[in-house]
Amino acid sequence: MTHVFPGELLPEGLTPEVLALVLVAALAAGWIDAVVGGGGLLQLPALLLVPGMSPVQALATNKLASVFGTTTSAVTYYRRVHPDLRTALPMAGVALVCSFAGASVAAALPASVFKPVIVVALIAIAAFTVLRPSLGEVTALRHSGRRHHGVAAATGAGIGFYDGILGPGTGSFLVFAMVSLLGYDFLNASAKAKIVNVATNLGALLFFVPYGAVFWGLGLLLGAANTFGAYLGARTATARGSRFIRVVFLVVVTALIGRVGWDVWTENLRPLLS
């Protein structure tokens, strides 16, 4: 990845109209991320609408904003749900390191390489969730002791690496993994996922900052909007419980399938057929 050094805190082509659009997208993304993850579905494409902003700058600035939102929702969940940190913190540490590694890969490989696999994974996740109506209603841990922590660490490593490479849907992948692989209910899974998601955002951001790829002024403005949305989302999720989170989860995963599936069509399939 070439070094990028923005001369200003805001992109030169940013207009008040586009700024208003990306701020609304950041607020909505914060709410979605706090409930079930997947806010990057809105926030990252909105940043790519800013004239003159490269994909790397958009990804880096998105990570800065997301750190604020995920931290806010993690704190709100912790105060209301009190998730067990003995699983979440080690998982977050592994995820941070792997997210940094993923970001370094993102600098060398196009996202189009990974998107077909992501679409297949999302479809499998949606089908599995629909076919298992009781999934995530109550906590019934699949493993105990070292095996539990080993599965958690492996999950954090894989999803952290993915977040560094691409990002959108990371929170949803984390929630699903904690529900299906570890056995948490959707509410506790979301609470722990936010702690891990803070780490994955930080890991990727630590890679991008030395390259000067972050527009700090825009990122902080988006972070403020993301924070407000995350606070509202976390309060909504903790008040409404696991069933509400499950419904939002399926809506977000369906939207992710459509969004990433369209990218696969335009980037991978349509050029082959034309």
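For every chain, the first residue of the written sequence is number 1, and numbering continues from 1 along that sequence. Two thresholds apply to this predicted model, a pLDDT of at least 70 for residue-level local features and 80 or more for giving and counting side-chain atom pairs, whereas whole-chain, interface and lining totals are computed over all residues. No hydrogens and no water enter the side-chain calculation; it runs on all heavy atoms of the structure.

**A closer look at helix α4 (residues 85-106)**
- Secondary structure counts use DSSP, requiring at least four H or I residues in a row for a helix and at least two E residues in a row for a strand, with both numbered from the N terminus. Every helix has an expected span of 1.5 Å times one less than the residues it contains. Taking 1.5 Å as the rise per residue, α4 with 22 residues should run 32 Å; its terminal C-alpha atoms sit 30 Å apart, in good agreement.
- Any pair of N or O atoms that falls within 3.5 Å is considered a polar contact. Within protein, one atom must be able to donate a hydrogen and the other to accept it, and sequence-neighbouring residues count only if both atoms are side-chain atoms. For α4, the N-terminal capping position is held by D84, with its side-chain oxygen 3.0 Å away from the main-chain nitrogen of R86.

**Let's talk about the packing of helix α6 (residues 145-165) against helix α8 (residues 186-208)**
- Running from amino to carboxyl end, α6 crosses α8 at an angle of 45°, the nearest separation of the two axes being 9 Å. The angle between α6 and α8 falls in the class oblique. The handedness of the crossing between α6 and α8 is right-handed. Judged by residue contacts, G160, D163 and G164 of α6 engage N197, T200, N201 and A204 from α8.
- Three classes are used: nonpolar for Ala, Val, Leu, Ile, Met, Phe, Trp, Tyr, Cys and Pro, charged for Asp, Glu, Lys and Arg, and polar for all others, with Gly counted as polar. Split by residue class, the contact of α6 with α8 holds one nonpolar, five polar and one charged. Lines fitted to the C-alpha atoms define the axes, with helices restricted to the stretch that makes contact. Angles between their N-to-C directions range from 0 to 180 degrees. For classification purposes, an angle smaller than 35 degrees is called roughly parallel, one larger than 145 roughly antiparallel, one from 65 to 115 roughly perpendicular, and anything else oblique. The sense of a crossing depends on the near helix, which, turned anticlockwise from the far helix by less than a right angle, makes the crossing left-handed and, turned clockwise, makes it right-handed. Working rule for contacts: check all heavy atoms of both residues, and any pair within 4.5 Å makes them a contact.

**Let's talk about the pattern of salt bridges**
- Put simply, a salt bridge is a Lys or Arg side-chain nitrogen that is within 4 Å of an Asp or Glu carboxyl oxygen. Under the definition given, this model contains three salt bridges.
- As a salt-bridge pair, D84 and R86 come within 3.1 Å of each other at their nearest N and O atoms.
- Among the salt bridges present, the one from R259 reaches D263, with a minimum N-O distance of 2.5 Å. Of this pair, R259 and D263 both sit in helix α10 (residues 242-273), separated by four residues, roughly a single helical turn.
- Overall, the relative accessible area of 30% leaves R259 in the partly exposed class. Accessibility here uses a 1.4 Å probe with only protein chains present; expressed as a share of the type maximum, an area under 20% marks a residue as buried, one over 50% as exposed, and anything in between as partly exposed.

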